[in-house]
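Summary of the model geometry
Listed below, chain by chain, are the residues.
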Amino acid sequence: MKKHILVSAIVAALALTGCNKDKEAAADGKAVKSTVINEKSTEMQKVSFLLGYNTGKDMKELDSEIDLDIFYKAMKDGFDGKENALTDEEIKALATAYEKRKTEEAKKKFDETAAKNKADGEKFLAENAKKEGVQTTASGLQYKVITEGTGKQPKATDTVVVHYEGKLLDGKVFDSSYERQMPAQFPLNKVIKGWTEGLQLMKEGSKYEFYVPSELAYGAEGNQNIEPNSVLIFTVELLTEAQAKEAAAKAQAELEKQMKAMQEAQAAQQSAGEAAKTDAAGQDQAKK
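Residues numbered from 1 in each chain as written. Predicted model: local features only at pLDDT ≥ 70, side-chain atom pairs only at ≥ 80, totals over all residues. Heavy atoms only, no water.

1. Focus: helix 4 (residues 88-128)
- For helix 4, with 41 residues, the first-to-last C-alpha span of 58 Å sits near the 60 Å given by 1.5 Å per residue.
- Burial in helix 4 covers these residues: A114, N117, G121, L125 and N128.
- Those residues of helix 4 that are buried lie in contact with strand 1 (134-136), strand 2 (142-147) and strand 6 (207-212). (Helix = DSSP H or I, 4+ residues; strand = E, 2+ residues; numbered from the N terminus. Expected span 1.5 Å × (residues − 1). Buried < 20%, exposed > 50% of the residue type's maximum accessible area, 1.4 Å probe, protein only. Contact = heavy atoms within 4.5 Å.)

Set out below in structure tokens:
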């Protein structure tokens, strides 16, 4: 059973590494490649590296203050079967104290971030409201018309098709249908209040920029990708039926192109593998 658990852990590590590799490379082009193993390393050396590498990444996400020197030594002691230096009572007390401290630190950081974002947001909206072309509704939503369409205007109960980009005040893009190359479709009464109100101001074929106060977005709680009290900036295109069909066709064509490239890469890899096996078999035969 333990061997099965180890195999499962290795397979999971391989899958996770494969999924994250491209994303990590794009996120940090200056990352230094590990030199712990190389092409001459044995299978178990590579397995050991993979388990250690992913454990290290997980530990950093858990708590960047981990004492690596202690961690390495404790891992070896555990591997060697040495007795735990802490009693069960000490472990429980340590866990309680650690969780309490980390919770208090997280709350303090959250509150500080919320206060800063609130102040920054209020300042931005006050200055932005004075800019040419920016209009403010009774709710505090601000918007600017980039292109005015001539199609129909949606109601809150309608489902719309849009292309959009969402940014934070620092310019960071947190969501974009343009990057996905696929327009989004959703009911207007199932999105943030700023969108429900703002898109009803638009006509199909229009392109607006919205400046959404936090209370009309994700509020004082925020979410996984949005900090508390964040003002959000959206560029939104409300697509006509013809535009939506055209965008869907382009997205389908791009998807088919990517699938074809993937299949060709897999075929090339399989062909190379078969060629290597043939060469190896030929070399073995020659030795005989």
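2. Things to note about the packing of aromatic side chains
- Enumeration over the complete set of coordinates arrives at 10 aromatic pairs.
- For the pair F49 and Y53, a centre-to-centre distance of 5.5 Å together with 25° between the ring planes defines the contact as stacked. Here F49 and its partner Y53 are both found in helix 2 (residues 43-62), 4 residues apart, which amounts to about one turn of the helix.
- Since its relative accessible area comes to 35%, Y53 is described here as partly exposed. (Phe/Tyr/Trp six-rings, centres within 6.5 Å; stacked < 30°, edge-to-face > 60°.)

3. Notes on the nonpolar core
- Ranked by internal contacts, the top residues of the largest apolar core, which has 23 residues, are V162, W195, L199, F210, V212, F234 and V236.
- Of all the secondary structure elements, the ones that give two or more residues to this core are strand 3 (159-167), strand 5 (184-187), helix 6 (193-199), strand 6 and strand 7 (232-238).
- Broken down by element, the residue count for this core peaks at 4 residues, all from strand 7.
- Discounting chain neighbours no more than four positions away, the residues touching F234 are Y164, E165, G166, F174, I192, W195, Y208, E209, F210 and V212. (Core = buried A, V, L, I, M, F, W, Y, C linked by side-chain atoms within 4.5 Å.)

4. Quick word on the pattern of salt bridges
- Enumeration according to the criterion identifies 13 salt bridges in this entry.
- Between K76 and D80 there is a salt bridge; the shortest N-O distance is 2.8 Å.
- Close ionic contact of K116 with D120 constitutes a salt bridge, the shortest N to O distance being 2.7 Å. Of this pair, K116 and D120 both sit in helix 4, separated by 4 residues, roughly a single helical turn.
- Overlapping salt bridges, with partners in common, bring together D63, E65, R101, K102 and E105 in one network. (Salt bridge = Lys/Arg side-chain N within 4 Å of Asp/Glu carboxyl O.)

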